[in-house]
Amino acid sequence: QVQLVESGGGLVQAGGSLRLSCAASGISLSINHVGWYRQVAGNQREWVARIGPGGSGTDYADSVKGRFVISRDNAKNTVYLQMNNLEPADTAVYYCKTVYWGRDHWGQGTQVTVSS
């Protein structure tokens, strides 16, 4: 059974940093694309960043480019989202997602709140 678990969210002041983790079981994240998304209540879920399998690269939404970094630790089967210079507009529930056998697998989300 595939399971993704996010952690690392919290309350931080504007300009601060957080590192989110997405730990997986039942699947090897090293051979799959993994994405981070975020959602504000009442809004659609928004794509934030993705990392390809192995060394196939990273990509970011314009709103976070230059501030967020996605990375992976294959030994820990975990993907990270380092978030720097956070802004109140970054406040949301953050989710990680991967696709396995044609099916989307999401974590339960972790809340990030940035105060001004």
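Located above this text is the structure these notes cover.
Residues numbered from 1 in each chain as written. Predicted model: local features only at pLDDT ≥ 70, side-chain atom pairs only at ≥ 80, totals over all residues. Heavy atoms only, no water.

(A) Fine view of the overall build of the protein. On a plain count of helices and strands, the protein comes out with zero helices and eleven strands. Taken against the 2.2 N^0.38 rule, which gives 13 Å for 116 residues, the C-alpha radius of gyration of the protein at 13 Å falls within 12% of a compact globule. Taken along its principal axes, the extent of the C-alpha atoms in the protein is 40 × 30 × 25 Å. By the burial criterion, 42% of the 116 residues in the protein qualify as buried. If you take every contact in the protein between residues at least 6 apart in sequence, the share linking residues at least 24 apart comes to 52%. Taken as a whole, the protein presents about 6,100 Å² of accessible surface, with 48% of it coming from carbon and sulfur. For the protein, the centre of its 10 positive side-chain charges and the centre of its 8 negative side-chain charges are spaced 5 Å apart. (Helix = DSSP H or I, 4+ residues; strand = E, 2+ residues; numbered from the N terminus. Rg over C-alpha atoms; globule rule 2.2 N^0.38 Å. Buried < 20%, exposed > 50% of the residue type's maximum accessible area, 1.4 Å probe, protein only. Contact = heavy atoms within 4.5 Å. Areas by Shrake-Rupley, 256 points an atom, 1.4 Å probe, with all protein chains shown as cover. Lys, Arg positive; Asp, Glu negative; His and termini not counted. Charge placed at Lys NZ, Arg CZ, Asp CG, Glu CD.)

(B) Looking closely at the sheet that holds strand β8 (residues 78-83). The strand order across the open sheet formed by four strands is β1-β3-β8-β7, and the pairing between neighbours is antiparallel. Each edge of the sheet is formed by a strand with only one pairing partner; in this case those strands are β1 (3-7) and β7 (68-73). Mean inter-strand twist for the sheet, computed between neighbouring axes without regard to direction, equals 15°. Two elements, β7 and β8, share six bridges in a ladder whose sense is antiparallel. By the bridge assignment, Ser-71 is partnered in β8 with Tyr-80. (Pairing = 2+ DSSP bridges. Axes fitted to C-alpha atoms, helices over the stretch in contact; angles between N-to-C directions.)

(C) Expanded view of the nonpolar core. Core analysis: the largest hydrophobic core is formed by 28 residues, its most contacted members being Trp-36, Val-48, Phe-68, Ile-70, Leu-81, Met-83 and Tyr-94. Tallying contributions element by element places strand β3 (residues 18-25) first for this core, with four residues. (Core = buried A, V, L, I, M, F, W, Y, C linked by side-chain atoms within 4.5 Å.)

(D) Spatial organisation of the packing of aromatic side chains. Within this structure, the stated rule accounts for three aromatic pairs. Their ring planes at 85° and their centres at 6.4 Å tell us that Tyr-100 and Trp-101 sit as a pair that is edge-to-face. Residue classification places Tyr-100 among the partly exposed positions, given a relative accessible area of 32%. In this structure, Arg-45 is placed above the aromatic ring of Tyr-95, and the distance from its NZ or CZ to the ring centre is 3.7 Å. (Phe/Tyr/Trp six-rings, centres within 6.5 Å; stacked < 30°, edge-to-face > 60°. Lys NZ or Arg CZ within 6 Å of the ring centre and 35° of its normal.)

(E) The arrangement of the state of the cysteines in detail. On inspection of all chains with the given rule, the structure shows one disulfide. Shown here is the disulfide that connects Cys-22 with Cys-96, its sulfur atoms set 2.1 Å apart. One disulfide, between Cys-22 and Cys-96, carries an S-S torsion of 70° and so falls in the right-handed class. In this pair, Cys-22 is assigned in strand β3 and Cys-96 in strand β9 (residues 92-100), connecting sequence segments 74 residues apart. Of the residues examined, Cys-22 reaches a relative accessible area of 0% and is grouped as buried. Judged by its relative accessible area of 0%, Cys-96 falls in the buried class. (Disulfide = S-S within 2.5 Å.)

(F) Here's a closer look at the pattern of salt bridges. Here the structure, examined in full by the defined rule, presents seven salt bridges. Of the charged contacts, one joins Glu-87 and Arg-67 as a salt bridge, the two residues approaching to 3.8 Å between their closest N and O atoms. You can see Glu-87 sitting in the loop between β8 and β9 and its partner Arg-67 sitting in the loop between β6 (58-60) and β7, a full 20 residues away along the chain. For Glu-87, a relative accessible area of 35% puts it in the partly exposed group. The class for Arg-67 is buried, based on a relative accessible area of 9%. In this structure, Asp-90 and Arg-67 form a salt bridge, with 2.7 Å as the shortest nitrogen-oxygen distance. Of the two residues, Asp-90 is situated in the loop between β8 and β9 and Arg-67 in the loop between β6 and β7; the sequence distance between them amounts to 23 residues. (Salt bridge = Lys/Arg side-chain N within 4 Å of Asp/Glu carboxyl O.)

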